[in-house]
Amino acid sequence: QVQLVESGGGLVQAGDSLKLSCTASGRTFDDFAVGWFRQAPGKERERVAGINANGDFKLHAGSVKGRFTISRDNTKTTVYLQMNSLKVEDTATYYCAAAHTTFLNPTNYDFWGQGTQVTVSS
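Since this is a predicted model, take the numbers as computed values, not measurements.

It is worth spelling out the side chain of Asp90 at this point. As for its position among the elements, Asp90 is in the loop between strand E8 (78–83) and strand E9 (92–99). For Asp90, a relative accessible area of 1% translates into the label buried. A polar contact is formed between the side chain of Asp90 and the backbone nitrogen of Lys87, at a distance of 2.7 Å. Setting aside anything within four residues of it in sequence, one finds Asp90 in contact with Arg38, Val64, Arg67, Phe68, Ser85, Val118 and Val120.

Set out below in structure tokens:
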């Protein structure tokens, strides 16, 4: 299996930036598509970004498009989520997840990290 560990969360003010990292170990990282998800208390989990195994294709949810950017460095076995112009509604626990596929948009992700908290204050 692959193990995923998120880092980079924190408490910021609206308009600030954060860069989250998801570091993988245990299997060949460049065989996995990776997605970033978030979940706030009382709300359903949503995918905010995805990237294919090679890193040449990306997707971003409409709510974050233009503000968040997903990227990866397979040499470092790490996927990043650069978050700019953060809003209060971005407050959530952010998770990365991996799927063993070359597709950009897998239906299911098999491996999940434990999450990192992002809190945006006004």
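On to the packing of aromatic side chains, then. Taken as a whole and assessed by the stated rule, the structure comprises 4 aromatic pairs. Relative to Trp112, the ring of Phe37 has its centre 4.7 Å away and its plane inclined at 50 degrees; by these criteria the two rings are tilted. Residue Phe37 is found in strand E4 (residues 33–39), and its partner Trp112 is found in strand E10 (residues 111–112); the two are separated by 75 residues along the sequence. Put simply, the rings of Phe37, Tyr109 and Trp112 touch in pairs and so form one group of aromatic residues. The side chain of Lys19 reaches across the aromatic face of Tyr80, ending 4.5 Å from its centre. Its end group placed over the ring of Phe29, Arg72 keeps NZ or CZ at 4.4 Å from the ring centre.

A few words on the state of the cysteines. Under the defined criterion, the tally for this structure stands at 1 disulfide. Each sulfur in the disulfide pair Cys22 and Cys96 lies 2.0 Å from the other. Since a negative S-S torsion denotes a left-handed disulfide, the Cys22-Cys96 link at about 70 degrees is right-handed. Highlighted residues: Cys22 in strand E3 (residues 18–25) and Cys96 in strand E9, separated in sequence by 74 residues. As far as the burial class goes, Cys22 and Cys96 line up, both buried.

The backbone of Thr77 shows a phi angle near 50 degrees, a positive value even though the residue is not glycine. Note on placement: Thr77 falls in the loop between strand E7 (68–73) and E8. Despite not being glycine, Ser85 has its phi angle at roughly 50 degrees, a positive value. Ser85 gets classed as partly exposed once you look at its relative accessible area, which sits at 41%.

Definitions and cut-offs
Residues numbered from 1 in each chain as written. Predicted model: local features only at pLDDT ≥ 70, side-chain atom pairs only at ≥ 80, totals over all residues. Heavy atoms only, no water. Helix = DSSP H or I, 4+ residues; strand = E, 2+ residues; numbered from the N terminus. Buried < 20%, exposed > 50% of the residue type's maximum accessible area, 1.4 Å probe, protein only. Polar contact = N/O pair within 3.5 Å; in protein donor to acceptor, adjacent residues only side chain to side chain. Contact = heavy atoms within 4.5 Å. Phe/Tyr/Trp six-rings, centres within 6.5 Å; stacked < 30°, edge-to-face > 60°. Lys NZ or Arg CZ within 6 Å of the ring centre and 35° of its normal. Disulfide = S-S within 2.5 Å.

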